[in-house]
Amino acid sequence: MIILFLNCGSSSIKYSVYDWDKKRSLAAGGVERIGIAGSLITHERPGFPAYELQQDCKDHKDAINLVINTLTSKEQGVIENVNMIAAVGHRIVHGGKFTKSVVATKEVVDELRNISDLAPLHNPAHIMGIEAAQSILPNVMHVCVMDTAFHQTMPAFSYMYALPREWYTDYHMRRFGAHGTSVLYCSRRAAVLLGKDVNDVNTIVCHIGNGASCTAVKNGLCYDTSMGLTPLEGLVMGTRSGDIDPSICFHMMKKLNMAPDEMYRILNRESGVKAITGGRFADRRDIVQNAQKGDELCKLAIAMESYRIKKYIGSYMAALGRVDAIVFTAGVGERSPAKAWKGWKITALC
């Protein structure tokens, strides 16, 4: 059985193809700059050099068609034809009330659309990807894999907020978390590398990318996580503020006569390391490069981001009582040794 996995962003699609029967990955890659001039697909197969092709994609349907054409091409393909695809899995950042993976029915997609404001940088793009893929592969089962599902094992004292009770009972104001699919894999892979039963391992998984989170995993289950009702809470991120004093929002909205939607946009898209560097850089590669050249704001961005991560790791070490490993994953976590965690005297698994 061949499974196609899609992770759709607003202007990008990441994909992988997996042969379930042979238990191996056949290919992986992504399409960037969807809806922007210069769309590009990068396609990788085990044992072959990476392949790139520039081809404009005006929308997600064009991009998924480009992926399918590449997967079935004579030169770069890994499957004979599109009919070999038995299922499509869609990564969903915020699953809301869904506590496990579900078939992408119209009702499910409508519910994801209803909660799009809880993950404004992700869920709208996921929905575009689902609808585009369903139009191209209408006779295949499409499944939504929820990032929030892994975090459903948190105890109430971890996921509840100290807010009016009816906000929780009537409006579901609680911690949902994110990056659950990443944490699920990384915590289990850490157990394998340590040679231990997953149910006996405590890990802290630091998923550090443009979006960033820390998760405390106790005996293989989520115990606490830094992201909250939305992916905005927690660590300093690429363009998200992470934890701040909530009164700042009300203070600045009054000072600048700002609407709530504008404040929400600033916290999600104009904050984080982008804001610390004066609006110049959200990509950590740019920040590290300029910090090494002496840019003080870039140095500050690295210090603030790293310090916040250290604080969360420290609090989760206290909460777990025993930590078997700290896992760094995602683009920055795996590829940025210049960060302040370099030289920590603790087991770290990437």
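Keep in mind the model is a prediction, meaning the values are calculated, not measured.

## Details of unusual backbone geometry
Item 1. In this model, K23 sits at a positive phi of 55 degrees, which is unusual for a non-glycine residue.
Item 2. By the element assignment, K23 lies in the loop between β2 (12–19) and β3 (24–32).
Item 3. Positive phi outside glycine occurs at H172, with the angle close to 60 degrees.

## Examining the packing of aromatic side chains
Item 1. Within the structure shown, the criterion is met by 4 aromatic pairs.
Item 2. Its end group placed over the ring of W20, K23 keeps NZ or CZ at 4.3 Å from the ring centre.
Item 3. In this structure, R45 is placed above the aromatic ring of F48, and the distance from its NZ or CZ to the ring centre is 3.9 Å.

## Points about the pairing of strand β5 (residues 51–54)
Item 1. Relative to β5, strand β4 (residues 40–44) runs antiparallel, the two sharing 4 bridges. Considered in β5, the bridge of L40 is made with Q54.
Item 2. Hairpin connection between β4 and β5: a loop of 6 residues separates the two successive antiparallel strands, and G47 in this loop has a positive phi of roughly 85 degrees.

## Describing the sheet that holds β2
Item 1. Strand order in the open sheet formed by 8 strands is β5-β4-β3-β2-β1-β6-β8-β7, and the pairing between neighbours is mixed. In this open sheet, the two edge strands, each paired with only one partner strand, are β5 and β7 (102–103).
Item 2. Where strand β1 (residues 2–8) and strand β6 (residues 85–92) come together, 5 bridges link them in parallel fashion. If you follow L6 over to β6, its bridge partner there is H90.

## Digging into the layout of surface pockets
Item 1. By volume, the second largest pocket is sized at about 960 Å³.
Item 2. As for the second largest pocket, its lining consists of 24 residues, of which L229, L232, P246, Y264 and L267 are closest to the centre.
Item 3. Mapped onto the lining of the second largest pocket, the elements with two or more residues apiece are α7 (247–255) and α8 (260–269).
Item 4. Per-element tally for the lining of the second largest pocket: the top contributor is α8, with 4 residues.
Item 5. Looking at side-chain class alone, the lining of the second largest pocket contains 16 nonpolar, 4 polar and 4 charged residues.

## Some details on the environment of S213
Item 1. Inspection of the secondary structure assignment puts S213 in strand β10 (residues 212–218).
Item 2. Beyond its immediate stretch of four places on either side in the chain, S213 contacts A178, H179, V205, C206, H207, I208, S226, M227 and L235.
Item 3. Reaching out from S213, the side chain makes a polar contact with the side chain of H179 at a distance of 2.7 Å.

## Focus on the pattern of salt bridges
Item 1. Under the definition given, this model contains 15 salt bridges.
Item 2. A salt bridge links R113 to D110, with the shortest nitrogen-to-oxygen separation between them at 3.1 Å. With R113 and D110 both in helix α2 (residues 106–114) and 3 residues apart, this pair spans about one turn of that helix.
Item 3. A relative accessible area of 38% means that R113 is categorised as partly exposed.
Item 4. D110 gets classed as partly exposed once you look at its relative accessible area, which sits at 26%.
Item 5. If you follow the salt bridges from partner to partner, you end up with K106, D110, R113 and E131 in one network.

About the cut-offs
- Residues numbered from 1 in each chain as written.
- Predicted model: local features only at pLDDT ≥ 70, side-chain atom pairs only at ≥ 80, totals over all residues.
- Heavy atoms only, no water.
- Helix = DSSP H or I, 4+ residues; strand = E, 2+ residues; numbered from the N terminus.
- Phe/Tyr/Trp six-rings, centres within 6.5 Å; stacked < 30°, edge-to-face > 60°.
- Lys NZ or Arg CZ within 6 Å of the ring centre and 35° of its normal.
- Pairing = 2+ DSSP bridges.
- 1 Å grid on protein atoms, 1.4 Å probe; cavity = no way out; pocket = protein on both sides within 12 Å on 5 of 7 lines; lining within 4 Å.
- Points joined across faces, edges and corners; volume = space filled by probe spheres on them.
- Nonpolar A, V, L, I, M, F, W, Y, C, P; charged D, E, K, R; others polar.
- Contact = heavy atoms within 4.5 Å.
- Polar contact = N/O pair within 3.5 Å; in protein donor to acceptor, adjacent residues only side chain to side chain.
- Salt bridge = Lys/Arg side-chain N within 4 Å of Asp/Glu carboxyl O.
- Buried < 20%, exposed > 50% of the residue type's maximum accessible area, 1.4 Å probe, protein only.

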